[in-house]
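Residues per chain are reported as follows:
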Amino acid sequence: MSRQPILELPNQLISQIAAGEVIERPSAVVKELLENAVDANASQIEIRLEDGGTSRIVVSDDGVGIPAAELSLALTRHATSKIRSLEDLESVRTMGFRGEALASIASVSRTIFTSRTLHDEHAWEIDSAHQKVQPAAGDIGSRVDVADLFFNTPARRKFLKSHATELGHCIEAIKRVALANPQTSFAIWHNGKALHRWIAADLNRRATDILGPEFEAAKLAVQSGNALIQLTGFIGAPTASRARADQQYIFINQRFVKDKLINHAIRSAYQDVLHGDRQPILLLCLTINPELVDVNVHPAKIEVRFRDSRAVHQFVFHTIQDRLAHGAGQGEASLPTLENLVPPTTQFKQLEKLIAPQSQSHAPFYSQNQRLPLPMSGSVKDSMQQLFSTPNTTLNPVQSSYSEMPQENDQPLGQAIAQLAGIYILAQNQRGIVLVDMHAAHERVLYEKYKSDLNTAVVTQQLLVPVVLNASRIEISTLNEYHSSLIQLGFDISELGPEQLVIRSLPALMSKSDPAQLIRQLLLDLEQLGSSATINAAQHEKLASKACHAAVRAHRLLTIPEMNALLRQMEQTDRADQCNHGRPTWIQLSVADLDKLFLRGR
Ligand SMILES: Nc1ncnc2c1ncn2[C@@H]1O[C@H](COP(=O)(O)OP(=O)(O)OP(=O)(O)O)[C@@H](O)[C@H]1O
Ligand SMILES: [Mg+2]
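> So what about the overall build of the chain? Which residues, and what values?
Looking only at helices and strands, the chain features 22 helices and 22 strands. A burial count over the chain gives 39% of its 602 residues as buried. Sequence-distant contacts, at least 24 apart, represent 69% of the contacts inside the chain between residues at least 6 apart.

Below, the structure written as structure tokens:
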């Protein structure tokens, strides 16, 4: 090929190349326009889409607007009102800062930007086709009208999917911004029809509006942090996990992100209570001093880099792990109710309707961190008082026998009565009856026990022949940094030379693994995350299968004292509400539930 002279690219082409990175499909336009509206302090945003956004996207806001004199700059590449210097970039608090979204959009569509500030008598508009600024009609705020996306880049246009698919992506983009900004109202239209309207609200209400009642029923509130970093939002109870990660929203400083480090921290925190292929519901907002996070690492800003990734990992991991541990039997919604157990289409449909959600009325349950008897919640107390004060209760032989039972607070799961079908334990407590899946419950109890044994006494296994490993300098320095914690965990590894290490022993639980592979993964985890997923995962696998094999098998007959012993152990065990696979281990049916089933009191 003969040599071509070097020439500068025309501006339009530069923007089109930039658009290739950021504007992948209509939903990316929607995201950029919404972020601009949020940055302009809008309190109401309207989105009108046509044909899934492929024909037209119009976003209107009531934000601060742009004065006529700056309108043409708004569509110019590398022009922004949001940063002025590198220092500004390093502590940026706005969604935008690159100054190129509108220029990119305008280069691949027919864009008209109309805007009016508080000081203007009327609106002004600029049309990307001829770049002229002229008077227009419009209220205070901005309106961006993007028509015929990719009309001049046919290759891109070919990659568009069906209108329905593109619409789905647009709505997902809107949901993300709307969840991050609950105080802003959103109205969404498609082909002239109203699709959604989310009024200004708090995060709780917005989450319910967008994620639906299923989320409402499954969430545990999270709130933790200090002046530098805070985590708030909701995590789903393990019993409400899903097959797909389609209900996971993670925001860092109000920016929706897909961050490996945060995801890893969350997965590790759920490891004890959720099987690997199940996905929790998540809505988490991480707020961190902007100077501690770099948002300028990805053109669409969907990834970030933390200055101290280990600290962030540890913080997120511990916050969620603690929440899940404390949630056992105490959280409003973490409890197994018939509603989330019985598939809605089964013959139990009637039953499900009859039995009111039990979340608020469930008796509190022990967790390791709260050994003292817990006070009864108001509603339980009330309903119990009612139960004992109504005159005809004394006539009811079953109910009167409750008063002879030990205090609810001592034994929340009550007394075993019988074993059903070789699988379930039937017990009665002060509220009514309890059904326990004995294998699942025993597995859980054993798993937690093995785990705490593991933390106290480490059994190490000497390798027959020490393994010498070539390692990078980074691996060696990580090894030295974590040397003492590794010894505590039962690893005897030491530096042999600047690029060599030797493994002499491993924790007994991991002795069947390939030492070289194990140690490499371990050092990588420690270096990147400051904690080891490898140790956690390997131990989890082993403990879980050990617990599963040791647990009482279904169909083994248990005596009443054996059953009671299991109930008492469950009460003393953290996270005993779910088995190792995230399924519930027990459910409660109150007397009121039973009354409803028998249509009593009508
Ligand atoms: N809806 C709006 N209301 C008020 N001003 C806006 C609006 N949209 C854009 N602007 C102004 O136009 C400028 C350019 O917007 P553009 O989206 O291209 O860049 P940016 O938001 O600064 O950075 P980024 O490319 O990262 O999004 C913004 O800096 C802002 O001043
Ligand atoms: Mg922008």
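> Before we move on, could you go through the site of ligand 1 and cite the residues and values that matter?
Residues in contact with ligand 1 amount to 22 residues; listed here are only the nearest, Asn36, Ala40, Thr80, Ser81 and Gly96. Of all the secondary-structure elements, those providing two or more residues to the shell around ligand 1 are helix H2 (26–39) and helix H5 (101–107). The class makeup of the residues in the shell around ligand 1 is 9 nonpolar, 8 polar and 5 charged.

> Go over the sheet that holds strand S10 (residues 229–236), please, and point to the residues and values.
Taken in spatial order, the 5 strands of this open sheet run S9-S10-S13-S11-S12, and their pairing is mixed. Edge positions in the sheet fall to strand S9 (219–225) and strand S12 (255–256), since each has one partner strand and no second. Where strand S11 (residues 248–252) and S12 come together, 2 bridges link them in antiparallel fashion. In the strand pairing of S12, Phe251 is matched with Phe256.

> Tell me about helix H19 (residues 515–529), and please be specific about residues and values.
Compared with an ideal rise of 1.5 Å per residue, which puts 15 residues at 21 Å, H19 spans 20 Å between its outermost C-alpha atoms and is within 8% of the ideal. Within the sequence span of H19, burial applies to Leu518, Ile519, Leu522, Leu523, Asp525, Leu526 and Leu529. Looking straight down H19, one finds that the buried residues subtend no more than 165 degrees of arc, so they occupy a single side.

> Requested: an account of the sheet that holds strand S5 (residues 133–136), with residues and values cited.
Hydrogen bonds along the backbone pair up the strands of a sheet, which may run parallel or antiparallel. Sheet architecture is open: 8 strands sit in the order S5-S4-S3-S6-S2-S1-S7-S8, paired in mixed fashion. In this open sheet, the two strands that pair with only one neighbour each are S5 and strand S8 (193–198). Neighbour to neighbour, the strand axes of the sheet diverge by 15 degrees on average, direction disregarded. By the bridge criterion, 6 bridges tie strand S1 (residues 44–50) to strand S2 (residues 56–61) in an arrangement that is antiparallel. When the bridges of S2 are listed, Glu46 appears paired with Ser60.

> Help me get a handle on the environment of Glu32, residues and values and all.
With respect to the helices and strands, Glu32 occurs in helix H2. Taking C-alpha positions, Glu32 is 8.9 Å from Ala300, a pair spaced 268 residues apart along the chain. Apart from the residues within four sequence positions on either side, Glu32 is in contact with Ala101 and Ile105.

> Can you explain unusual backbone geometry? Please cite residues and give values.
Peptide bonds are, in most cases, trans, and in most cases residues other than glycine have a negative phi. In this structure, Asn41 takes a positive phi of about 65 degrees despite not being glycine. Examined against the element boundaries, Asn41 turns out to sit in the loop between H2 and S1. The phi dihedral of Asn191 falls on the positive side, at around 45 degrees, and the residue is not glycine. Inspection of the secondary structure assignment puts Asn191 in the loop between strand S7 (185–190) and S8. Given 14 C-beta atoms within a 10 Å radius, Asn191 is considered partly exposed.

> Explain the pairing of strand S3 (residues 110–116) to me, and be specific about the residues and the numbers.
The side chains of a regular strand alternate between both faces of the sheet. The element S3 is extensively covered by neighbouring structure, given that 5 of its 7 residues are classed as buried. Taken together, the 7 bridges between S3 and strand S6 (residues 141–147) define a ladder with antiparallel strand orientation. From the neighbouring strand, Ile112 faces S6, where its bridge partner is Asp145. What sits between S3 and strand S4 (residues 123–127) in their antiparallel hairpin is a turn of 6 residues.

> Describe in detail helix H7 (residues 163–180), supporting the description with residues and values.
The terminal C-alpha atoms of H7, which comprises 18 residues, lie 26 Å apart, in line with the 26 Å expected from a rise of 1.5 Å per residue. All of the buried residues along H7 are Glu166, Leu167, Cys170, Ile171, Ala173, Ile174, Lys175, Arg176, Val177, Ala178, Leu179 and Ala180.

> Let's hear about the nonpolar core: which residues, and what values?
The tendency in soluble globular proteins is for nonpolar side chains to be buried as a group. Counting residues in each nonpolar core, the largest one holds 91 residues, and the members touching the most others are Val29, Val30, Leu34, Ile174, Phe251, Leu284 and Val316. In terms of residue count, the dominant contributor to this core is H7 (9 residues). Residues lining this core come from more than one domain, with at least three contributed by each of domain 1 (11–198) and domain 2 (212–326). When sequence neighbours within four positions are dropped, the list of residues in contact with Val30 reads Ile47, Gly53, Ile57, Cys170, Ala173 and Ile174. One finds Leu413, Ile425, Val434 and Ala440 within the second-largest nonpolar core, a separate group that totals 24 residues.

What counts, and where the lines are drawn
- Residues numbered from 1 in each chain as written.
- Chains lettered and ligands numbered in written order.
- Predicted model: local features only at pLDDT ≥ 70, side-chain atom pairs only at ≥ 80, totals over all residues.
- Helix = DSSP H or I, 4+ residues; strand = E, 2+ residues; numbered from the N terminus.
- Buried ≥ 20, exposed ≤ 12 C-beta atoms within 10 Å, placed from the backbone.
- Contact = placed C-beta atoms within 7 Å.
- Near = placed C-beta within 6 Å.
- Nonpolar A, V, L, I, M, F, W, Y, C, P; charged D, E, K, R; others polar.
- Pairing = 2+ DSSP bridges.
- Expected span 1.5 Å × (residues − 1).
- Arc of directions from axis to C-beta.
- Axes fitted to C-alpha atoms, helices over the stretch in contact; angles between N-to-C directions.
- Core = buried A, V, L, I, M, F, W, Y, C linked by C-beta atoms within 7 Å.
- Domains from an automatic or database assignment.

Geometric descriptors of this kind do not, in isolation, establish any biological role.
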